[in-house]
Every structure is written in C-alpha cells, then in structure tokens.
Amino acid sequence: GEEYDLGRAMVGIALRETQAGKFGPVGDLDNHPKNRSYGVFQIKVDTAKHVVRMNPHLDRGLDGHNEWRVELIGDDVWNARIALHYLKWLRYDLGLTWRETLLAYNRGPTAYKDYDPYQHHYPVWIAEQVSDGKVRYFIDNQIESH
C-alpha cells in the first residue's frame, strides 16, 4: 500500500510511546539511566545528541546527561523536533522505507535489520493506527475529554 508521511508517523509514535504523554516522561525504568528514553517521543540522550550534531539549530548548549534528560522531559516541542529530525534522518538520509523507519526508531538504526518491518509489533501497530483512523479518534476524544 501507499506509505504514510512523517506527520502520521509522529502521531503514531507519540501514541505508541507514551499514549501522547499519559504514560509519563521516563521509559525503560529497568535500564540504567544512560539507556533510558525520555519525553513524549521517548528519545534517548545519545540519540538527541546525534540529532543535534546534524541539526545545530536545535542545540541548547546542554552539558551533561542530566541537563539533556531535563530538556527531553520538560520541553515536549523540543522533544518532538528531535524525534522528527531523527525520523527524517532514518527515512531520507539512510533511505529506509516508511516501516523500516518506524522499526529503526524503535530498535535502532542498525538493529532494525534483525526484524521484519511487516511482522514486528511496533511498525504494525503504528500502521494500523494511522491507516484505520484510530489516531483521529484518539485525538478527537482527548480534546472532548478536556
């Protein structure tokens, strides 16, 4: 079928990672803090640093792991910009398909190769959400409930 744009991927990722922020700002609590992901898009500090190196306009002059964590948790817009630039890098610079991009976002830019993007639960779930209109349903119900 036709592949989806990065905007739809972003919404699907935000829903999958944190239920659009409902699940809390810190993921991977069983992991060491250096391996945890942060914010609404669940970005790892090393991933954020990589993205900022490629996109200096996102640089905030952060120093140390804790400063990066605070920004990733505390600024949803910056977190989303990091996620979007990471997705763009995966999709266009690495030349991945839409589903491979989603899988690489979840598993890593090299580890994704060990999985089938049409079978792995992460890209399958997001593709179902964005293709069946469930994202629109979630957004509409969230707006109505507030």
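All figures in this text were calculated on a predicted structure; none of them were measured in a lab. (Residues numbered from 1 in each chain as written. Predicted model: local features only at pLDDT ≥ 70, side-chain atom pairs only at ≥ 80, totals over all residues. Heavy atoms only, no water.)

Draft legend 1. Structural detail: the overall build of the protein chain. Counting secondary structure elements, the protein chain contains 7 helices and 2 strands. Along its sequence from the N terminus, the protein chain presents helices and strands in the succession α-β-β-α-α-α-α-α-α. Across the 146 residues in the protein chain, those meeting the buried criterion constitute 41%. In the protein chain, of all internal contacts separated by at least 6 residues, the share reaching a separation of at least 24 is 51%. Of the roughly 8,300 Å² of accessible surface on the protein chain, a fraction of 48% belongs to carbon and sulfur atoms. (Helix = DSSP H or I, 4+ residues; strand = E, 2+ residues; numbered from the N terminus. Buried < 20%, exposed > 50% of the residue type's maximum accessible area, 1.4 Å probe, protein only. Contact = heavy atoms within 4.5 Å. Areas by Shrake-Rupley, 256 points an atom, 1.4 Å probe, with all protein chains shown as cover.)

Draft legend 2. Quick peek at the packing of aromatic side chains. One pass over the full model with this rule turns up 3 aromatic pairs. On the numbers, 6.0 Å between centres and 20° between planes, the contact of Tyr86 with Trp89 is stacked. Pair noted here: Tyr86 and Trp89 are both in helix α4 (residues 76-93), with a separation of 3 residues, about one helical turn. Of the two residues, Tyr86 and Trp89, both sit in the buried class. Ring plane angle 50° and centroid distance 5.8 Å describe the contact between Tyr86 and Tyr105, whose orientation is recorded as tilted. Placement of the pair is Tyr86 in helix α4 and Tyr105 in helix α5 (residues 98-107), with a sequence separation of 19 residues. In this structure Tyr86 comes out as buried when scored by relative accessible area, which is 6%. Joined through ring pairs, the aromatic side chains of Tyr86, Trp89 and Tyr105 make up one cluster. (Phe/Tyr/Trp six-rings, centres within 6.5 Å; stacked < 30°, edge-to-face > 60°.)

Draft legend 3. A look at the confidence of the model for the protein chain. Averaged over all residues, the pLDDT of the protein chain is 84; the fraction at 70 or higher stands at 82%. Looking over the protein chain, one finds the lowest element-wise mean pLDDT in helix α7 (residues 134-145), namely 54, and the highest in helix α2 (residues 45-54), namely 97. (pLDDT = per-residue confidence, 0-100.)

Draft legend 4. Main features of the pattern of salt bridges. On inspection of all chains with the given rule, the structure shows 2 salt bridges. A salt bridge links Glu71 to Arg60, with the shortest nitrogen-to-oxygen separation between them at 2.3 Å. Of this pair, Glu71 sits in helix α3 (residues 65-74) while Arg60 sits in the loop between α2 and α3; the two residues are 11 residues apart in sequence, bridging distant segments of the chain. Glu71 sits in the partly exposed class, given a relative accessible area of 22%. The residue Arg60 makes a salt bridge to Asp75 at a minimum N-O spacing of 2.8 Å. Of this pair, Arg60 sits in the loop between α2 and α3 while Asp75 sits in the loop between α3 and α4, placing them 15 residues apart in sequence. With a relative accessible area of 35%, Arg60 lands in the partly exposed category. It is possible to trace a salt-bridge network through shared partners that takes in Arg60, Glu71 and Asp75. (Salt bridge = Lys/Arg side-chain N within 4 Å of Asp/Glu carboxyl O.)

Draft legend 5. The packing of helix α1 (residues 6-18) against helix α6 (residues 121-131), seen in detail. The contact between α1 and α6 brings their axes to 9 Å, and the two run at 115°. As for the relative orientation of α1 and α6, their crossing is right-handed in sense. Residues Arg8, Gly12, Ile13, Leu15, Arg16 and Glu17 of α1 form the contact with α6, whose participating residues are His121, Tyr122, Trp125, Ile126 and Val130. Looking at the contact of α1 with α6 residue by residue, the classes come out as 6 nonpolar, 2 polar and 3 charged. (Axes fitted to C-alpha atoms, helices over the stretch in contact; angles between N-to-C directions. Left-handed = near helix turned anticlockwise from the far one by under 90°. Nonpolar A, V, L, I, M, F, W, Y, C, P; charged D, E, K, R; others polar.)

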